[in-house]
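Each chain, letter by letter, is given below.
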Amino acid sequence: QVHLVESGGGLVQAGGSLRLSCTASGSIFSINAMGWYRQAPGKEREPVALINSRNNTSYADSVKGRFTISRGNAENTLYLQMDSLKPEDTAMYYCALPLYDTWGQGTQVTVSS
């Protein structure tokens, strides 16, 4: 059993920045792939950024060049640096282990115009 806990969400104005953090705890000792997803009201949950154990990354076209995903040295931490935020980025953001279908409870990001 693994628990994922996100933090770092909040309210910012367009053009601002936020850094989301995710900490994994539980019985998984080796994790290959981790990622961030988001879901806005009335929309489907979508992948935002993914990273594997080799630090290879992939991003949704909508956030490419503005968001950066990274893994902590502790191996059980995940970050999402979000710069140049837009109102369209407003959503609940979730940390996930895609191969285990494990999700955190989410952290709200709200970007005002």
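An account of the accompanying structure is given in this report. (Residues numbered from 1 in each chain as written. Predicted model: local features only at pLDDT ≥ 70, side-chain atom pairs only at ≥ 80, totals over all residues. Heavy atoms only, no water.)

### Side note on the pattern of salt bridges
The condition is simple: Salt bridges are counted wherever a side-chain nitrogen of Lys or Arg sits within 4 Å of a carboxyl oxygen of Asp or Glu. Only protein chains enter the accessibility calculation, which uses a 1.4 Å probe. A residue is then buried if its area is under 20% of the maximum for its type, exposed if over 50%, and partly exposed in between. What counts as a helix is a DSSP run of H or I of at least four residues, what counts as a strand is a run of E of at least two, and both are numbered from the N terminus.
The tally for this structure, following the rule as stated, stands at four salt bridges. When the shortest N-O distance is used, the salt bridge between Glu46 and Arg38 registers 2.9 Å. According to the relative accessible area criterion, Glu46 is partly exposed, its value standing at 27%. The salt bridge involving Arg66 is made with Asp89; its shortest N-O contact spans 2.8 Å. Of this pair, Arg66 sits in the loop between β6 (57-59) and β7 (67-71) while Asp89 sits in the loop between β8 (77-82) and β9 (91-97), and the two are 23 residues apart along the sequence. Per residue, the accessibility class of Arg66 equals that of Asp89, and both read buried.

### Section: the sheet that holds β7
The line we're drawing: One bridge is not enough; two strands pair if DSSP finds at least two bridges between them. Only C-alpha atoms enter the line fits that serve as axes; for helices the fit covers just the stretch in contact. Angles between N-to-C directions range over 0 to 180 degrees.
Taken together, the four strands give an open sheet; going across it, the order is β1-β3-β8-β7, and neighbouring strands pair in antiparallel fashion. Sheet topology places β1 (2-7) and β7 at the edges, where each strand pairs with a single neighbour. Neighbour-to-neighbour, the strand axes of the sheet open up by a mean angle of 15°, direction not taken into account. Relative to strand β3 (residues 18-26), β1 is paired through six bridges, and the arrangement is antiparallel. Residue pairing for β3: Val2 is matched across the bridge by Gly26.

### Here's the deal with unusual backbone geometry
A positive phi angle, close to 65°, is found at Asn55, a residue other than glycine. Looking at the secondary structure, you find Asn55 in the loop between β5 (46-51) and β6. The phi torsion at Asp101 lies on the positive side, around 50°, for a residue other than glycine. Summarising the element assignment, Asp101 is placed in the loop between β9 and β10 (102-103). Taking relative accessible area as the criterion, Asp101 reaches 60% and is therefore assigned exposed.

### Observations concerning the environment of His3
How we decide: Whether two residues are in contact is decided by their heavy atoms, any of which lying within 4.5 Å being enough.
Residue position: His3 is located in strand β1. With 31 residues separating them along the chain, His3 and Met34 place their C-alpha atoms 13 Å apart. What His3 contacts, discounting residues up to four positions off in sequence, is Thr23, Ala24 and Ser25.

### Observations concerning the side chain of Thr102
Looking at where Thr102 falls in the secondary structure, it is placed in strand β10. Those residues in contact with Thr102 that lie beyond four places of it in its chain are Val2, Leu4, Cys95, Ala96 and Leu97.

### Side note on the pairing of β3
Note that β3 and β8 share six bridges and pair antiparallel. Across the sheet, Arg19 pairs through a bridge with Gln81, a residue of β8.

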